[in-house]
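# A closer look at the structure
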Amino acid sequence: MAGAAPTLRGWGNARKRGLAGLGQTVRESGSLREHPHCPLSPSAPQSTVQSYLEGVSAGLEQLRSAVQEVQSVCQELGAARWALLDCADRFQDLQQMRALMAEHVQLASVVQVLPQLFSVQEVFSHTLQLLRGQHLLEAHAEIMMMEHLRDDILSQLHLRGLSSAQATVLSYFSGLQELNESLAKQLWGIVASSLQLVREDPVLFVTAVRIIEREEKIDDTLLLDATFLPPGRPKGWRQKFYHVLQETITGTRFHTPRVDAEGPGLSRHLEALQRDIVSELRVVKDLMVQCVPAHYNILSLCAATYHQALASHLQDILREDLDKQALFHLLKWVLHVYHSSEMMGHPDLLPEVDVSSLGPLISPELVDQTERRYVVKLKASVFEWMQRTLKTEFEEWFWEKEPETDHQGFFQSDLPVHVIEMLTSNIEVTSSITDSLQQKVYNMALEELEAFLGRLREALVQRGKEHQQDRTIPKHYVPYLLAMLNNVLALSSSVPSLHPNSACREVPASLRAALDRTQKKACQLLLEELLLDLQPLCVELASRKWLSGAQLVNNMCEVIDKYAKDFSRVKKPLFKLLLIECELLVANQYLRALMQKKMVCKSKEERRQFCDRLLQDATQLRELFCSLGLDRSQQNLEAVFAVRELLCLKDTALLSLEVLGFVTKYPDVSDEHISTLLDLRGDVSKEVRHLVLEMMAQHPQALPESYQPIFSTILVPAPELPFCLRKGKCA
């Protein structure tokens, strides 16, 4: 083979030279053809042909030489092929040698690690001693060395497909698991005490963080090499660090026994949380941040952990049956204290701590639900308070003295002041929470005030019934009723001030109606008391005894004047109202007495006396009410004067016109009323009566909207039916 190479190169060179000469000859002959006009010597053609022939001869010679060389090369290549076939067996021997060489290398590697393998148990014991002595960095270095040795062996076995041998290796290195667990236990104990350690001795905490970071780097390296992942990897100790720290924060502060559901107890609990959380976050910011890598974001992690744990803790608290004070404290703490400069907005924590991005501690829906719970609890408390106040108010009625008076001498009690102050304080205090809670409490206050007025009316009715049974109890019944009227008026004037918005002071219609009903009930009881004193006198009205003198109406005026003096102890609008109602009552009773037909005029003279007495009584009563401040246009006694005109009419033929005028003025008068008045005259024939009643039927009257009914409230007694049989036993 070595000789074949120079021969081939020689043949190639000779071929190149022959071809070059041939090319030169061709070029020269070509140049002669390109110049046909050049003069040629006689010997020139001969020399040219000779030269051409010599070139062809040289080229042929070179071709023969090249053929010989090619043949020689083929022979040598054949010899080389046979030589290679003879060496094939020797190559198989080399393969065996290669396998032996690989085995030798493996054995050499094993021999190199044998000292380390034999010392594994000794290293385990030494590492355990280091851990017990809290020499954590040294212990971790030994553990890493043992893990590297084990993982290298397992990797080699994995690459050679010797998976069955891995169990033996793992069994031999089983002590590593115990060491890792012991190290991890100490690490997590250190992390759990980190807030205390960074203040007292941060070295141990920093050591733990360094070990965790070592393990994280090993995890990252092994995860990049996807060919083999040792058992127990990745350890994920950084995530475990976060988890333990979060569990420590949650367990220490928020896994507490059942929280006190009473207001003071919960308030103390929230204050303790506020104080401790701020203190611990300051430790994290000032000390712990310096002990861990920046990418840990330890301050943000702790702030988020406190926020989430606190949110969960508050939801647990809200599941308890909290009283109204506890609910109030919790709402105020969540909505105002938590984000204030007293807690998460503390100057020592800003700007690194920002919980605004973490969402609210409790959802808006839960805030609304808690506000409603507070309103329900507050409503029950307000109800109990008002019940006690109402009971105390009516207990005072049985005192031996009249109710208190204001600087103007009007009767009053502390009831409206206490009620309005209590409701106002409850409404105003909620302004420190939310506008929605304040509105809820305001609505509740109006509802409870309306319900309170209903119970007040019921109590008034009960006191009225008891007083009618024994009018000496309570002794000062009328003054206390008058005081109640002033109280209702004070409540009416104070209710608009309850609204939290000074620009919106409208009182709901239902509450206005409740105030009006309570006022009317007190007025009704006063008028019933007046009626009880007037009734013995009214019984004698329109009778022959009444006709004989004016003493009866004088007595009535004395009673009315006495009550008017009592009525003067209420404020002006109420006094006017009582005066109007009192006059209406007197007019009603007078007309009612006339409708009783206690007497019928038997003659013109008697009818004249009857009409004169009516005129004197009506005039005296009208003047009395005018002196008390009631204008004539506001009096209903004019109806008595109208009746007197009807009775004193001399010509009965004009009764139809007179009655028509009467009915026009008093459209609520009925046929029965007119019939009774005609009976009182004693001189109306059946024909005139029929004519009058027919005229009334032809001219029905509609009640104007502003008309004050007077006759419609007066019932006419049914006439006695004639009985044809004599008194005695039935036949």
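Because the structure is predicted, anything quoted here is derived from the model rather than measured.

Turning our attention to the overall build of the protein chain. A tally of helices and strands in the protein chain yields 26 helices and two strands. Here the protein chain holds 731 residues, and the buried ones make up 42% of them. Long-range contacts, defined as pairs at least 24 residues apart, comprise 77% of the intrachain contacts of the protein chain with a sequence gap of at least 6. Put simply, the protein chain shows about 40800 Å² of open surface, and 56% of that area lies on carbon and sulfur atoms.

In this section: the pattern of salt bridges. Under the criterion given, the structure shown has 33 salt bridges. Ionic pairing is found between D219 and R233, a salt bridge with its closest N-O pair at 2.8 Å. Taken as a pair, D219 in helix α9 (residues 202-224) and R233 in the loop between α9 and α10 (237-254) lie far apart in primary sequence, 14 residues in all. Residue D219 shares its accessibility class with R233, and that shared class is buried.

With that settled, the discussion passes to the state of the cysteines. Counted under the stated rule, the structure contains zero disulfides. A disulfide-free cysteine, C611 has its sulfur positioned 4.7 Å from the sulfur of C648, the nearest such atom.

The next thing to look at is unusual backbone geometry. For the bond from L350 to P351, the omega torsion is 0 degrees, close enough to zero to count as cis. The topology assignment puts P351 in the loop between α13 (324-337) and α14 (364-395). The omega torsion of the bond from I473 to P474 falls at -10 degrees, within 30 degrees of zero and hence cis. Along the chain, P474 falls in the loop between α16 (435-469) and α17 (477-494).

A word on the packing of aromatic side chains. Summed over all chains, the structure comprises 15 aromatic pairs. Taken together, a centroid distance of 5.4 Å and an interplanar angle of 65 degrees make the contact between F241 and Y296 edge-to-face. Note that F241 is positioned in helix α10 and Y296 in the loop between α11 (263-286) and α12 (298-318), a separation of 55 residues in sequence. According to the relative accessible area criterion, F241 is buried, its value standing at 0%. Ring centres of Y666 and F711 lie 5.7 Å apart, and the angle between their planes is 70 degrees; on these two criteria the pair is classed as edge-to-face. Taken together, the residues span a long stretch of sequence, with Y666 in the loop between α24 (655-665) and α25 (671-681) and F711 in the segment after α26 (686-698) at a distance of 45 residues. Judged by its relative accessible area of 0%, F711 falls in the buried class. Linked through ring pairs, F205, F241, Y242 and Y296 together constitute an aromatic cluster.

This part covers the packing of helix α20 (residues 551-567) against helix α22 (residues 604-628). The geometry of α20 relative to α22 is characterised by a closest axis approach of 10 Å and an angle of 15 degrees between their N-to-C directions. Classified by the angle their axes make, α20 and α22 are roughly parallel. Regarding α20 and α22, the two cross each other, and that crossing is right-handed. Each of V553, N554, C557, I560, D561 and A564 in α20 lies in contact with α22, whose residues at this interface are D617, Q620, L621, L624, F625 and L628. Class assignment of the residues belonging to the contact of α20 with α22 gives a composition of eight nonpolar, two polar and two charged.

The topology assignment puts R463 in helix α16. What R463 contacts, discounting residues up to four positions off in sequence, is F394, W397, F398 and Y477.

A separate point is helix α23 (residues 638-647). For α23, the buried fraction is high: eight of the ten residues fall into the buried class. Listed as buried for α23 are A639, V640, F641, A642, V643, R644, L646 and L647. Buried residues along α23 sit in contact with α21 (572-595), α22, α24 and α25.

So, about a nonpolar patch on the surface. A cluster of nonpolar side chains, V49, Y52, L53, V56, L60 and L63, forms an exposed patch at the surface whose accessible area comes to about 550 Å². Positionally, Y52 belongs in helix α2 (residues 44-86). What makes Y52 partly exposed here is its relative accessible area of 45%.

The next subject is the environment of I560. Of note, I560 is situated in helix α20. A residue is classified by how much of its surface remains accessible, and I560, at 1% relative accessible area, is buried. As a C-alpha pair, I560 and L530 span 30 residues in sequence and 7.8 Å in three-dimensional space. What I560 contacts, discounting residues up to four positions off in sequence, is L534, C582, V586, L621, L624, F625 and L628.

Per-residue confidence for the protein chain averages 86 on the pLDDT scale, and 88% of its residues sit at or above 70. Every residue in residues 1-40 is under pLDDT 50, and counting partners more than four places away or in other chains gives 22 contacts.

On to the nonpolar core, then. By size, the foremost hydrophobic cluster in this structure holds 205 residues, and its most contacted members are F205, F241, L310, L314, W333, F610 and F711. Setting aside chain neighbours within four positions, we find W333 in contact with L270, Q274, L310, L314, Y338, M343 and L361.

In this structure the tally under the stated criterion is one cavity of 30 Å³ or more. In this structure, the largest cavity occupies an estimated 40 Å³ of space. Around the largest cavity sit G464, H467, Q468, Y477, L525, E528, E529 and L532, which together line it. Listing elements by their share of the lining of the largest cavity, those giving two or more residues are α16 and α18 (509-538). When residues of the lining of the largest cavity are assigned to their parent elements, the largest contribution, four residues, is made by α18. Grouping the amino acids of the lining of the largest cavity by side-chain chemistry returns three nonpolar, three polar and two charged.

Quick look at the environment of Q134 now. Residue placement: Q134 occurs in the loop between α4 (120-132) and α5 (136-159). When the C-alpha atoms of Q134 and L204 are compared, they prove to be 8.8 Å apart, with 70 residues separating the residues in sequence.

Before going further, it helps to spend a moment on the packing of α23 against α24. Relative to each other, α23 and α24 sit at 170 degrees, their axes nearing to 10 Å. Of the possible angle classes, the one that applies to α23 and α24 is roughly antiparallel. Contacts between α23 and α24 involve A639, A642, V643, E645 and L646 from the former and L655, E658, V659 and F662 from the latter. Partitioned by chemical class, the residues of the contact of α23 with α24 number seven nonpolar, no polar and two charged.

Looking at where L481 falls in the secondary structure, it is placed in helix α17. Judged by its relative accessible area of 0%, L481 falls in the buried class. For the pair formed by L481 and W397, sequence separation is 84 residues and the distance between their alpha carbons is 9.2 Å.

By secondary structure assignment, the location of E393 is in helix α14. One buried charge, E393, has no salt-bridge partner; the nearest side chain with opposite charge is R463, at 10 Å. In contact with E393, other than residues within four places in its own chain, are S413, L415, M484 and N487.

About the cut-offs
- Residues numbered from 1 in each chain as written.
- Predicted model: local features only at pLDDT ≥ 70, side-chain atom pairs only at ≥ 80, totals over all residues.
- Heavy atoms only, no water.
- Helix = DSSP H or I, 4+ residues; strand = E, 2+ residues; numbered from the N terminus.
- Buried < 20%, exposed > 50% of the residue type's maximum accessible area, 1.4 Å probe, protein only.
- Contact = heavy atoms within 4.5 Å.
- Areas by Shrake-Rupley, 256 points an atom, 1.4 Å probe, with all protein chains shown as cover.
- Salt bridge = Lys/Arg side-chain N within 4 Å of Asp/Glu carboxyl O.
- Disulfide = S-S within 2.5 Å.
- Phe/Tyr/Trp six-rings, centres within 6.5 Å; stacked < 30°, edge-to-face > 60°.
- Axes fitted to C-alpha atoms, helices over the stretch in contact; angles between N-to-C directions.
- Parallel < 35°, antiparallel > 145°, perpendicular 65-115°, else oblique.
- Left-handed = near helix turned anticlockwise from the far one by under 90°.
- Nonpolar A, V, L, I, M, F, W, Y, C, P; charged D, E, K, R; others polar.
- Patch = residues over 30% accessible without salt bridge, like charges linked within 9 Å, V, L, I, M, F, W, Y side chains within 5 Å.
- pLDDT = per-residue confidence, 0-100.
- Core = buried A, V, L, I, M, F, W, Y, C linked by side-chain atoms within 4.5 Å.
- 1 Å grid on protein atoms, 1.4 Å probe; cavity = no way out; pocket = protein on both sides within 12 Å on 5 of 7 lines; lining within 4 Å.
- Points joined across faces, edges and corners; volume = space filled by probe spheres on them.
- Lys, Arg positive; Asp, Glu negative; His and termini not counted.

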